[in-house]
Amino acid sequence: MKTALILALLVSTFSIDLQAHGAVRSFQDEIQKGDPRKGIELFTGLIEDMPDRVELYVLRASCYQQVKEFDKALADYNKAIELDGKQPGFLVGRGTVYEEKGQLEQALADYSKALELNSEWAAAHQGKGRIFRIQKNYEKAFEEFSKAIEIDPKEPTAYAFRGNLHLEKKAVDKALADFSKAVELAPDNPNAYRSRGNGYLWKKDYEKAAIDFSKAIELNPRDVEHYVGRGDAYYYLEKYDKALADYESACQLAPKNIEALLGRARTLNQLKNLDKALADYRHVIQMDPKNVKAHWGLAGIFRRKGEFDEAQAAYATALKLDPENAGVLEHFAWFLACCPESKMRDGEKALQYAKKACDLKQGGDSWSFQVVAAAHAELGNFAEAVEWQKKALTEGASAGKKMPESTKRLKLYEDKKPYREVIKP
């Protein structure tokens, strides 16, 4: 729920005499304009006139929180709690400030204290759920979000948070059910559509993902994540021009957003604009030297440019950073098995990496099997190469894929010939 809406609800609960105060009426207008600084000014004046009115400190604290003046927000919540320590909402408010400051134990203590005062305070259960999620205590987080939903089934954010937990467990259909409920309850909330869009990305339903991210953009065209999400959907739909336009929009809004830069780089790669893709990957590495995706992407660009020494070094760096990354293992194995330059090839290492990737992917998939086949062919194990390539083709056919290049490679292996990648910049 937006802070401005919380403030509006708080104002509506005040006594008639306070609601009638001209400054409060003026502030209600400012809520609609989204001007928390004006709210701070107004409530400061009211506090001077009525220093014992606890509600005013809470409202000013909310305004300070909006402008990220967290210490001032804490001071106001502390004053409100000093004046009335029996209100769970005040403790929840202070807990959210602690949460934003990263002081998770203090936040958890406030949410827990609020529930001691009122065990049916849904916002406190949500707060505890958020802290547990950050701490990766997903079972407790799930319990808290579910309790919040049980208490207040019409509050959308708890569904969104629980949906994200379902995604953590790869329970995509359950996640989508929660996200859809959030959309139903808050059809004007762009974040609800973004969450469901992310769920559709997980489900690989890219058309629906693009629709939800488009709605999120319509509702909030200034949020970078909405453009990145739709860019991802268009990328997987192979609508690369549209994907590039969205990543460009995201980069304009936030030039240092790593996901936007990575998305733009991989799309530029698909569009064969290798030099610009290379620049984006290098920019990411400059900001985040341990970014695995950037080193992996860099390796792919070098490979396409025929700069094999640089490609090998970049793959090795990516693998060193994340030795359990199945994608890096597969692509490095493919390079080691199929590189047209003989000094780069290493069939034993390629087979080792390819088999490890299969294990990490719980048995592997069509692409995994093709990498294993290529490694066997490099080693001269053509019977094994044929077996694995046929397995890859069977797996691909079951997924409705047409694989003409894979069929050509099978013929090579049957003729006892290894595959050599043809470099096409």
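Note that the coordinates shown come from a computational prediction; the quantities given were computed from them, not determined experimentally.

S.K.: With reference to specific residues and values, describe the overall build of the chain.
M.R.: In terms of helices and strands, the chain carries 25 helices and 0 strands. With respect to the principal axes defined by its C-alpha atoms, the chain has extents near 90 × 40 × 35 Å. For the chain, with 425 residues in total, the buried portion stands at 49%. Contacts spanning at least 24 positions in sequence make up 48% of the contacts within the chain whose residues lie at least 6 apart. Total accessible area on the chain stands at roughly 21200 Å², and carbon and sulfur atoms take up 49% of it. If you average the places of the 65 positive and of the 65 negative side-chain charges in the chain, the two averages end up 5 Å apart.

S.K.: With reference to specific residues and values, describe the pattern of salt bridges.
M.R.: Taken as a whole and assessed by the stated rule, the structure comprises 39 salt bridges. Salt-bridge contacts for Asp-246 lead to Arg-230; the nearest nitrogen and oxygen are separated by 2.7 Å. Residue Asp-246 is located in helix 16 (residues 240-253), and its partner Arg-230 is located in helix 15 (residues 224-236); the two are separated by 16 residues in the primary sequence. Overall, Arg-230 belongs to the buried group, its relative accessible area being 17%. Note that Lys-411 is salt-bridged to Asp-415, the shortest N-O span being 2.9 Å. Its relative accessible area of 45% is what places Lys-411 among the partly exposed residues.

S.K.: Account for helix 13 (residues 190-203), naming residues and giving values.
M.R.: Taking 1.5 Å per residue as the helical rise, helix 13 with its 14 residues ought to reach 20 Å, and the 20 Å between its terminal C-alpha atoms agrees with that figure. Of all the 14 residues making up helix 13, 10 are buried; the element is thus mostly covered by neighbouring parts of the structure. Along helix 13, the positions that sit buried rather than exposed are Pro-190, Ala-192, Tyr-193, Arg-194, Ser-195, Arg-196, Gly-197, Gly-199, Tyr-200 and Leu-201. As for helix 13, its buried residues are in contact with helix 11 (156-168), helix 12 (172-185), helix 14 (206-219) and helix 15. You can read the cap of helix 13 off the contacts: a side-chain oxygen lies 2.8 Å from the backbone nitrogen of Asn-191, and it is on Asn-189.

S.K.: If you had to explain the nonpolar core to someone new, which residues and values would you point to?
M.R.: Membership of the largest hydrophobic core comes to 83 residues, with the highest contact counts inside it found for Tyr-281, Leu-298, Phe-332, Phe-335, Tyr-353 and Tyr-413. Top contributing element to this core by residue count: helix 21 (residues 326-338), with 10 residues. Apart from residues lying up to four places away in sequence, Phe-332 is in contact with Gln-312, Tyr-315, Ala-316, Leu-319 and Tyr-353. Within the second largest apolar cluster, 37 residues are counted, among which are Leu-56, Cys-63, Ile-131 and Leu-165.

S.K.: Break down the packing of aromatic side chains for me, with residues and values.
M.R.: The final tally for this structure, using the stated rule, is 11 aromatic pairs. Measuring from centroid to centroid gives 5.7 Å for Phe-369 and Trp-388, while their planes differ by 55°, and the two rings are tilted. Of this pair, Phe-369 sits in helix 23 (residues 366-378) while Trp-388 is found in helix 24 (residues 382-398), placing the two residues 19 residues apart along the sequence. Cation over ring: Lys-169 sits above Phe-142, and NZ or CZ is 4.9 Å from the ring centre. Note that Lys-391 overlies the ring of Phe-369, its terminal NZ or CZ placed 4.6 Å from the centroid.

S.K.: Tell me what's going on with the environment of Asp-241, and back it up with residues and numbers.
M.R.: With respect to the element layout, Asp-241 can be found in helix 16. Along the sequence, Asp-241 and Gly-231 sit 10 residues apart, while their C-alpha atoms lie 9.6 Å from each other.

S.K.: Summarise the packing of helix 9 (residues 122-134) against helix 10 (residues 138-151); cite the residues concerned and give the values.
M.R.: Relative orientation of the contacting elements helix 9 and helix 10 amounts to 160°, with a least axis distance of 8 Å. With respect to helix 10, the axis of helix 9 lies roughly antiparallel. For the crossing formed where helix 9 meets helix 10, the hand is left-handed. Residues Ala-122, His-125, Gln-126, Lys-128, Gly-129, Arg-130, Phe-132 and Arg-133 of helix 9 form the contact with helix 10, whose own contacting residues are Tyr-138, Lys-140, Ala-141, Glu-144, Phe-145, Lys-147, Ala-148 and Ile-151. Here the contact of helix 9 with helix 10 is built from residues that sort into 7 nonpolar, 3 polar and 6 charged.

About the cut-offs
- Residues numbered from 1 in each chain as written.
- Predicted model: local features only at pLDDT ≥ 70, side-chain atom pairs only at ≥ 80, totals over all residues.
- Heavy atoms only, no water.
- Helix = DSSP H or I, 4+ residues; strand = E, 2+ residues; numbered from the N terminus.
- Buried < 20%, exposed > 50% of the residue type's maximum accessible area, 1.4 Å probe, protein only.
- Contact = heavy atoms within 4.5 Å.
- Areas by Shrake-Rupley, 256 points an atom, 1.4 Å probe, with all protein chains shown as cover.
- Lys, Arg positive; Asp, Glu negative; His and termini not counted.
- Charge placed at Lys NZ, Arg CZ, Asp CG, Glu CD.
- Salt bridge = Lys/Arg side-chain N within 4 Å of Asp/Glu carboxyl O.
- Expected span 1.5 Å × (residues − 1).
- Polar contact = N/O pair within 3.5 Å; in protein donor to acceptor, adjacent residues only side chain to side chain.
- Core = buried A, V, L, I, M, F, W, Y, C linked by side-chain atoms within 4.5 Å.
- Phe/Tyr/Trp six-rings, centres within 6.5 Å; stacked < 30°, edge-to-face > 60°.
- Lys NZ or Arg CZ within 6 Å of the ring centre and 35° of its normal.
- Axes fitted to C-alpha atoms, helices over the stretch in contact; angles between N-to-C directions.
- Parallel < 35°, antiparallel > 145°, perpendicular 65-115°, else oblique.
- Left-handed = near helix turned anticlockwise from the far one by under 90°.
- Nonpolar A, V, L, I, M, F, W, Y, C, P; charged D, E, K, R; others polar.

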